[in-house]
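Examination of the molecular architecture
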Amino acid sequence: MALGIGAAITARPTQAATKQTIVNVAFKASNETDLTNYVYNTVDPTSSDYQHYLTPTEFAAKFGQPDSYIQSFKDYLNKYHIRTYAYPGNLSLKLTGTATNLQRAFNAKYVPAAKKGYRATTSYKLPGQLSDEVVAVIGLYSKSPAKKATKATKTTKATKKASSHKAAAVTSAAASDVATSDTKPDTNLTGNAFSKKYGAAKFAKAYQLNPLYEKGLQGQGQRIGIINASDVRDSDLSTYWQQAGVNPDLSRVRHIYTVDSKAQAQQALNKIMSAGQMEATLDVESASAIAPQAGIDLYTGDSTGTRTTLPSSFFASVMTAISDNNDKQITTSMAPGFEIQSEWGDPSSTVKQYSHAFNLVLEQAAVQGTTVFKASGDRGPYSLSGAKENHIMSTSPYQVEVGGTTLPYQKIIDGKVVTVEKERAWGDTYSRPAYDTKYSSFSGGGGGFSALNPTPRYQQGVPGVNTFRAINYLTFKNGKYTLTKNPHVIVGTGNSRNLPDVAGNADPKTGYASFVSGPKYTYNAKTKKAVKGTTKMWGVDGGTSFTAPQMAAANAVMNSGRQTPIGFWNPQIYKFAQETDSPFTVLDDADNNDNLYYTGQPGMLYNQATGLGTINFEKLFGKFNGAAN
């Protein structure tokens, strides 16, 4: 599972046939064209369906599969002792059973990798009438008849090692009268002073959210759904809230376990502090501080105690959050993999099938009036190391892709004064070039062109969409990136979903604080054994995984001042961007304004480094409220 912070987690649970397995079956909409049109109508003031949002039950009747079809699926699977749960909306079933029974029910067969570099897959076969409406079967697997073990554990260790190495390698520079690069916050600051330097007040000032606070809007009456792969410690939230002067009421946080039980998820939490825990914690801290009166629903897809694939776990969490229909803003800094079939981690669904299923789920969210936000990634156009552009799943047009920027700063870094004079796209090839080259660790906001989704109707005709300006700052060779000796400008065109949609501060150099604690292990050289201890860690970091939950929380703030939810942002914001008094500041400079590759496009409203740009939330709130007038 890819994290917005740039790390990745891959794992395969144990192979025991008696262990419970979760499989998701995604269905077609009854009429996909009508569904897509209805999605757009809900945010079109000229339509009779404007803001006519549906409940999951109403969605099922209008766009989901018939109850009779769902029941026939349940009856069939019951013969194999498989438990079934129909997500409200009738777009998907969640199946729970043993691996053996699921493989029998689906007549699952192991299919060796088609070619080198690809993974083995699982074929399946259902009775004719049941298979007719299936888009994807997600999480079904069949073991190789010749091999009972996989090398996935080795991959997991290597990935986690790279992630922890990155965290350990960042150190503070020497003090000076010019601000230094800090990785730990000054905890002598508390409340508003802490928040202004490291938290919500910093975001609110940069993006004009304070005028909404002054109206008394703080997210009251709203809930924010956060999709993640790990549970969080309530004590960590309390520590952060106390430091930052945030509403300390823990009752506003609900823990919802979508794959494992609460006991299993907390057992994993108490085993070792993981990248997933750090991600989940910073997501909750970021969102809860921006919208201090909003509730938080943490959908935890931990699967350490259950046999399922990560794409299946992620799908279950997203499907649960959307079909529960309690959150009118949902955010995730996670992804189920990459937009590359050879790297895809689910044996029973292809990347395209999964993307199709995911788009339908997000369309259900839009029809229900829910806005979904997603971190675009932290490696520019290169979420997966390689010479070609690639992105973390999903680049769906039905969610708000959030890119990254760098706020103005001046700091001494590695003995040199680094100055960023004005807010720019986050693409850092300049602050620590020697270090970044050594560890191939260049960072920047995700952006570019989707490999899976066509250009959505709301982007078509917008100046800058499907055209680009770029500079090949990086060269990928022998498994790592280096600075290109003689970079040059590249211009061209694209023809797919452009991303991101909007952007906000995500650079660690101008980042935000978070707090996390948990078990850690140190190696005792004398006894030659690992010793378990506890760590409590304050840090200042960045990533679009901070910015996405902040945007979702800002949406909750705006929704707390409305009678109806804002709903699907994208058709609305691309329209607003083309109007006078746009709520966006376009970062269109061609120079010193890139995400490691794509740059601003002078005079254009859109670019693939920062999308439509940064947001003035006071103006955006006014635009949303005045849309029907």
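Above this note sits the structure.
The following refers to the structure shown. (Residues numbered from 1 in each chain as written. Predicted model: local features only at pLDDT ≥ 70, side-chain atom pairs only at ≥ 80, totals over all residues. Heavy atoms only, no water.)

**A word on helix 11 (residues 262-269)**
Operational definition: In this scheme, a residue with accessible area under 20% of its type's maximum is buried, one over 50% is exposed, and one in between is partly exposed, where area comes from a 1.4 Å probe on protein chains only. Under the DSSP-based scheme used, a helix requires at least four consecutive residues in state H or I and a strand at least two consecutive residues in state E, with every element numbered from the N terminus. To obtain the arc, one takes the directions from the helix axis to the C-beta atoms. We call two residues in contact whenever any of their non-hydrogen atoms come within 4.5 Å of each other.
Every buried residue of helix 11 is listed here: Ala-265, Ala-268 and Leu-269. Viewed along the axis of helix 11, the buried residues span an arc of 105 degrees, placing them on a single side of the element. Every exposed residue of helix 11 that faces more than 90 degrees away from the buried side is listed here: Ala-263 and Gln-267. Of the surrounding elements, those touching the buried residues of helix 11 are strand 9 (253-257), helix 12 (275-290) and strand 27 (512-524).

**A word on the sheet that holds strand 3 (residues 83-86)**
Quick note on the threshold: At least two DSSP bridges between two strands are required for those strands to pair. Orientation is described by axes fitted as lines to C-alpha atoms, over the contacting stretch for helices, and by angles from 0 to 180 degrees between their N-to-C directions.
Pairing is antiparallel across the open sheet formed by four strands, whose spatial order is 3-4-2-7. The open sheet has two edge strands with one neighbour each: strand 3 and strand 7 (134-138). Along the sheet, successive strands turn relative to each other by an average axial angle of 20 degrees, direction set aside. Across seven bridges, strand 2 (residues 20-27) lies against strand 4 (residues 92-98) in antiparallel orientation. Of the residues in strand 4, the one forming a bridge with Val-25 is Leu-93. Packed onto the sheet, helix 13 (residues 310-324) meets strand 2, strand 4 and strand 7 and runs at close to 65 degrees relative to strand 2. Set on the sheet, helix 14 (residues 351-367) makes contact with strand 2 and strand 7; between it and strand 7 the angle comes to about 110 degrees.

**Re the packing of aromatic side chains**
Aromatic rings considered in pairs are described by the distance between their centres and by the relative angle of their planes. Under the convention used in this document: Stacked, tilted and edge-to-face pairs are distinguished by plane angle, under 30 degrees for stacked and over 60 for edge-to-face with tilted covering the rest, among Phe, Tyr and Trp rings (Trp via its six-membered ring) whose centres lie within 6.5 Å.
On inspection of all chains with the given rule, the structure shows 35 aromatic pairs. Here Tyr-40 and Tyr-458 contribute two aromatic rings whose centre-to-centre distance is 6.4 Å and whose plane-to-plane angle is 35 degrees, an arrangement assigned as tilted. In this pair, Tyr-40 is assigned in helix 1 (residues 32-41) and Tyr-458 in the loop between strand 20 (448-449) and strand 21 (467-471), connecting sequence segments 418 residues apart. Of the two residues, Tyr-40 and Tyr-458, neither departs from the other in class, the shared state being buried. Where Trp-569 meets Phe-624, the ring centres are 5.8 Å apart and the plane angle is 45 degrees; that geometry is what we call tilted. In this pair, Trp-569 sits in helix 17 (residues 569-577) while Phe-624 sits in helix 18 (residues 617-626), placing the two residues 55 residues apart along the sequence. For the pair formed by Trp-569 and Phe-624, the shared burial category is buried. Members of the aromatic cluster, joined through ring pairs, are Tyr-40, Tyr-398, Tyr-458, Phe-568, Tyr-574 and Tyr-606.

Take it as geometry only, folks, not as evidence of what the structure does.
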